[in-house]
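# Geometric and topological summary
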There are 2 protein chains.
Amino acid sequence: MAPHLGQGARRTLRSAALRLDEAHASTDLRERFLLPPGVVYLDGNSLGALPVAVPAALERVVHDEWGRGLITSWNAAGWWEAPTRVGDAVGRLIGAAPGQVVVGDTTTVRLYQALRGAASLRPDARVLVTDPGSFPTDLYVAHGVAAEAGWRVELADPDQMPALLDRLSADGDPVAAVAFSHVDYRTGRLWDLAGLVAAAHRAGALAIADLCHSAGAIPVGLDEAGVDLAVGCSYKYLNGGPGSPAYLYVASRHQSVFVNPIPGWQGHARPFDMAGTYEPADGVARARTGTAPMLSLLTLEAALTAFDGVDVVAVRARSSSLTGFLRRCLELLVPGLDVVSPAADDRRGSQVCVRDQHAYGIVQALVARGVVGDFRAPDIVRLGVAAPYLTHADMLTAAEAYADVLAAGEHLDARFARRSTVT
Amino acid sequence: MAPHLGQGARRTLRSAALRLDEAHASTDLRERFLLPPGVVYLDGNSLGALPVAVPAALERVVHDEWGRGLITSWNAAGWWEAPTRVGDAVGRLIGAAPGQVVVGDTTTVRLYQALRGAASLRPDARVLVTDPGSFPTDLYVAHGVAAEAGWRVELADPDQMPALLDRLSADGDPVAAVAFSHVDYRTGRLWDLAGLVAAAHRAGALAIADLCHSAGAIPVGLDEAGVDLAVGCSYKYLNGGPGSPAYLYVASRHQSVFVNPIPGWQGHARPFDMAGTYEPADGVARARTGTAPMLSLLTLEAALTAFDGVDVVAVRARSSSLTGFLRRCLELLVPGLDVVSPAADDRRGSQVCVRDQHAYGIVQALVARGVVGDFRAPDIVRLGVAAPYLTHADMLTAAEAYADVLAAGEHLDARFARRSTVT
């Protein structure tokens, strides 16, 4: 292909992008983020961009609260309550009423707590149902806890789970929990949360959702769907910064019997009694372990203000328009691409993924052109769309770069040969 | 008592303080810390002071690495290796050769991993020996893991542990592990690490040390003592900031068989293969769970540079002199105090504690005078001495304030009546 092929289509699409950006101007929140110039950042689903509010907030935390307030800031600056206070702020974005979300620890630890908690809530069950396409940590923890709890693991794609659950239920095979990701991290497939919860409950099982790839991008509606337990990280669409702490949702109805397998003093009913015997706190605070990483946690709190006055429904509408447009641009400018993210808006998360044996080189060549996506083994080009700071014009720029990379064969360049990478 | 009683003693002690500060001038590192004016900070064993190196380092991480580098910083800025790289930096201060310490998660999680790890290393053992005076989290996790592992918990003060272990060994009662804190968080009693390890090993047990109150203040010598597993927080004498991540030490000889009960993708042998089956990484990296809180972790890395060029032996010599002098000042200015921290330098950690039924009010009245210590239920005034940023003159100032508070009865003031507090 000559590099200038498709110039007419590009002009048409550029006009369309400008019209769409005008139509969606009210949800353009780019001014709330600090992004480097000349980059189209399509990896906000690995690490969200830096919100404008963060640097000043963090400077205040470091200089005033830590440096000058020192130990008194645990009370005076509200550090002690931060895990549940920030939990409530996250809760607003995932449809959880206050008092059900606690922030701290890693997603891996939160998953471990959720699954062990399920074991204590369903002591007589024998099966765990989960998705073989889950993110690796989810699978490792699922298999690990299953071995501890004496569960058999049944694997099924989420769209096959209802049938599997009905069969297990008919067989009298008691299912402890159904654990699944709301959005598939590789394909961007958005699963039917409410349907999966209903199927789990029909089988007497708990529904455990991983929200890593939906929180902040898609209205999750945890309470409305009746989810039992949920976890997620906060460094993707919530923009909390690298490794910002994870969260755990425990539905109110389960809290009084939820057992935290990692009983730390901060989850004690009266932590400052320094009692030798563990007695869990009321509410979701019992899921606290030790001292949360306060600089990372308070950075997340500041980052969440990027959503102030914004409804996630509006973010989702913008995201659907952006990812739909990106899909269209790719299909027009790069005919024959194997786009694995669904075409239907209501089945697509906030990313557009392409399967290609040269995925690694394509991603590297795109990065060299200022279009930052990521590679997911073995063969996925993943273009994540964090709607608040991206435009339809950015989508077209990314698709043009994709077309140009392929046309010029840049993805085959030796510079972009695969090596171990971190994304 | 009249408030001016003891002026002669105070003058004599002030001269002594100045002489001692001159003699110890080479270990005065106060310029490496940002401390508020007019405060004698004796709570560095709850939250260490802000190192000078931190603000600029954190600003660089936020603006350059997160804001501009975005996802590429996982490789380009060395985020991926940070848990073990910072682990090695901590290791230098606790006598651990490189490759045995990993940083991330909370102390509670690290304790859980250590004790569960011990269960996998000693599958046939039936007893866990621990100290009833341990910090609450240690006891909660010990009892929790013991219940999971089917262990009986035997409680003993660390100085009684060797006799207990010898008896259990003689009885043929297999002990999995002996878990103890190097320094008692309430009394400041420093236990005989090498002696406890030797006693544990005689009984065929693993020695698990909690270094929260010794790391950065006392030369721990983990490798030399033959400790098997150790944990600690980094926000006390290591000055990593509020809730900075904890660390786990797994002695090299145990690493290939150490089982991480919380198997996260970052501890996988080939994390970017995104394989569905867990295979632990070589070395201590297998103890990684999920993504560490990078802002908190890199803040710790910057904070540790406050120890650059400093031997912990020198820090300890300064600390012994300071705590010994503080003890002497208190005894001279406040006769009859019940000082519970040992008089012998080699049995005292880096704190001086007083038992008093009015401890809560005394701590509050001292804080009002700019002497910040902390209260430990039910009746302990705890004065922590972070040697790098404190002087003998500070010790005298604190003791004078203590005397003045008692003389004026300030600790009985209604303003200082006990309420729930966080320290």
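## What to know about the overall build of chain A
The helix and strand inventory of chain A stands at 14 helices and 15 strands. A compact globule built from 423 residues would reach a C-alpha radius of gyration of about 22 Å, and chain A, at 22 Å, matches this within 12%. For chain A, the spread of C-alpha atoms along the principal axes amounts to about 75 × 65 × 40 Å. Across the 423 residues in chain A, those meeting the buried criterion constitute 59%. Within chain A, residue pairs in contact and separated by at least 24 positions form 73% of the contacts whose partners lie at least 6 positions apart.

## A short note on the packing of helix 4 (residues 82-94) of chain B against helix 11 (residues 294-304) of chain B
Residue and element names in this part refer to chain B. For the pair helix 4 and helix 11, interaxial distance at closest approach is 10 Å and the crossing angle is 25°. Here helix 11 runs roughly parallel to helix 4, going by the angle between their axes. With respect to the hand of their crossing, helix 4 and helix 11 are arranged in left-handed fashion. In this structure, helix 4 contributes A82, P83, V86 and A89 to the contact, and helix 11 contributes M294, L297, L298, L300, E301 and L304. Residues belonging to the contact of helix 4 with helix 11 are distributed by class as follows: nine nonpolar, no polar and one charged.

## A closer look at helix 14 (residues 392-408) of chain B
Burial within helix 14 of chain B is extensive, with 13 of its 17 residues counted as buried. Phi turns positive, to about 65°, at G409(B), one or two residues after helix 14 of chain B.

## With respect to the environment of V313(A)
Checked against the element boundaries, V313(A) lands in helix 12 (residues 312-333). Between the C-alpha atom of V313(A) and that of A49(A), which follows or precedes it by 264 residues, the distance is 20 Å.

## Observations concerning unusual backbone geometry
Put simply, A377(A) and P378(A) share a cis peptide bond, and its omega is 0°. Structurally, P378(A) can be placed in the loop between strand 14 (374-376) and strand 15 (380-384). Phi is positive for M274(A), which is not a glycine, with a value near 55°. The phi torsion at N239(B) lies on the positive side, around 60°, for a residue other than glycine.

## Details of the nonpolar core
Counting residues in hydrophobic clusters, the biggest one holds 308 residues, and the most contacted among them are L115(A), V178(A), I208(A), L115(B), V178(B) and I208(B). Leave out the neighbours within four places in its chain, and I208(B) touches A114(B), L115(B), A118(B), A177(B), V178(B), A179(B), D228(B), L229(B) and A230(B).

## A short note on the relation of the copies chain B and chain A
Mapping chain B onto chain A calls for a rotation angle of 180° and an axial translation of 0.0 Å; the resulting RMSD is 0.0 Å. In the structure described here, the two chain copies are related by an operation that fits a two-fold rotation axis. A high fraction, 100%, of the interface residues of chain B reappear at the interface in chain A, so the copies pair face to face through one surface.

## Description of the sheet that holds strand 15 of chain A
Strand order in the open sheet made by the four strands is 11-12-15-14 (chain A), with antiparallel pairing throughout. The sheet is open, and its two edges are formed by strand 11 (338-339) and strand 14 of chain A, each paired on a single side.

## A word on the environment of P378(A)
Assessed through the 12 C-beta atoms surrounding it within 10 Å, P378(A) is described here as exposed. Between the C-alpha atoms of P378(A) and E22(A), which are 356 residues apart in sequence, the distance is 38 Å.

## Some thoughts on the pairing of strand 12 (residues 351-355) of chain B
All names here are of chain B. Judged by how many residues are buried, strand 12 sits mostly within the fold: four of five residues are covered. Pairing between strand 11 (residues 338-339) and strand 12: two bridges, direction antiparallel. Across the sheet, residue V339 finds its bridge partner in strand 12, namely V354. Here strand 12 runs beside strand 15 (residues 380-384); their pairing, made up of five bridges, is antiparallel. From the neighbouring strand, R355 faces strand 15, where its bridge partner is I380.

## Details of the domain arrangement of chain A
All names here are of chain A. Taken domain by domain, chain A holds domain 1 (7-29 + 311-416) and domain 2 (55-307). On a C-alpha basis, the centres of domain 1 and domain 2 stand 30 Å from each other. Counting from both sides, the interface comprises 21 residues of domain 1 and, opposite them, 14 residues of domain 2. Contributing elements (two or more residues each) for the side of domain 1 that touches domain 2: helix 12 and strand 12 (351-355). For the side of domain 1 that touches domain 2, the element with the most residues is helix 12, which contributes five residues. Looking at the side of domain 1 that touches domain 2 residue by residue, the class counts come to twelve nonpolar, five polar and four charged.

## Points about the confidence of the model for chain A
Per-residue pLDDT for chain A averages 96, and the proportion of residues at 70 or more is 98%. The complex model carries a pTM of 0.97, and its ipTM stands at 0.96.

## Remarks on the interface of chain B and chain A
Every contact between the two is made by 71 residues of chain B and, on the other side, 72 residues of chain A. Secondary structure elements with two or more residues in the side of chain B that touches chain A: helix 2 (53-69), helix 3 (73-76), helix 5 (107-121), helix 6 (136-149), helix 11 and strand 14 (374-376) of chain B. Here the side of chain B that touches chain A takes eight residues from helix 2 of chain B, the largest share from any one element. When grouped by side-chain class, the residues that make up the side of chain B that touches chain A number 41 nonpolar, 24 polar and six charged.

## Some words on the sheet that holds strand 9 (residues 229-232) of chain B
All names here are of chain B. Ordered by their spatial adjacency, seven strands build an open sheet running 4-10-9-8-7-5-6, and the pairing between neighbours is mixed. Looking at strand neighbours, the two that pair on one side only are strand 4 (101-103) and strand 6 (152-155), the edges of this open sheet. For this sheet the average axis-to-axis angle between neighbouring strands, irrespective of direction, equals 15°. Both strand 5 (residues 127-130) and strand 7 (residues 175-181) contribute to a ladder of four bridges, which runs parallel. Note that in strand 7 the partner of L128 across the bridge is A177.

What counts, and at which threshold
- Residue positions within a chain follow its written sequence, with the count starting from 1.
- Here the convention is simple: chains get letters from A, ligands get numbers from 1, in the order in which they are written.
- In keeping with the model being predicted, local features are shown solely for residues with a pLDDT of at least 70 and side-chain atom pairs are shown and tallied solely at 80 or more, while totals for entire chains, interfaces and linings include all residues.
- Numbering goes from the N terminus for both helices and strands, where a helix is a DSSP run of H or I of at least four residues and a strand is a run of E of at least two.
- Atoms counted for the radius of gyration: C-alpha only. Globule rule: 2.2 Å times residue count to the power 0.38.
- Put simply, a residue is buried when 20 or more other C-beta atoms lie within 10 Å of its own C-beta and exposed when 12 or fewer do; between those, it is partly exposed, and each C-beta is set from the backbone.
- In this description, a residue-residue contact is defined by the distance between C-beta atoms placed from the backbone, which must lie within 7 Å.
- Axis definition: a line fitted to C-alpha atoms, over the contacting stretch in the case of helices. Angles run 0 to 180 degrees between N-to-C directions.
- The cut-offs work like this: below 35 degrees is roughly parallel, past 145 is roughly antiparallel, 65 to 115 is roughly perpendicular, and the gaps in between are oblique.
- If you view the pair so one helix is near and one far, a crossing is left-handed when the near helix is turned anticlockwise from the far one by less than a right angle, and right-handed when it is turned clockwise.
- Each residue is assigned to one of three groups, with Ala, Val, Leu, Ile, Met, Phe, Trp, Tyr, Cys and Pro labelled nonpolar, Asp, Glu, Lys and Arg labelled charged, and all others, Gly among them, labelled polar.
- We call a set of buried Ala, Val, Leu, Ile, Met, Phe, Trp, Tyr and Cys residues a nonpolar core when their C-beta atoms link them within 7 Å.
- Least-squares superposition of the copies uses the C-alpha atoms of those residues scoring a pLDDT of at least 70 in each of them.
- Two strands pair if DSSP finds at least two bridges between them.
- Domain boundaries shown here were taken from an automatic or database domain assignment.
- The predictor reports its confidence for every residue as pLDDT, a score running from 0 up to 100.

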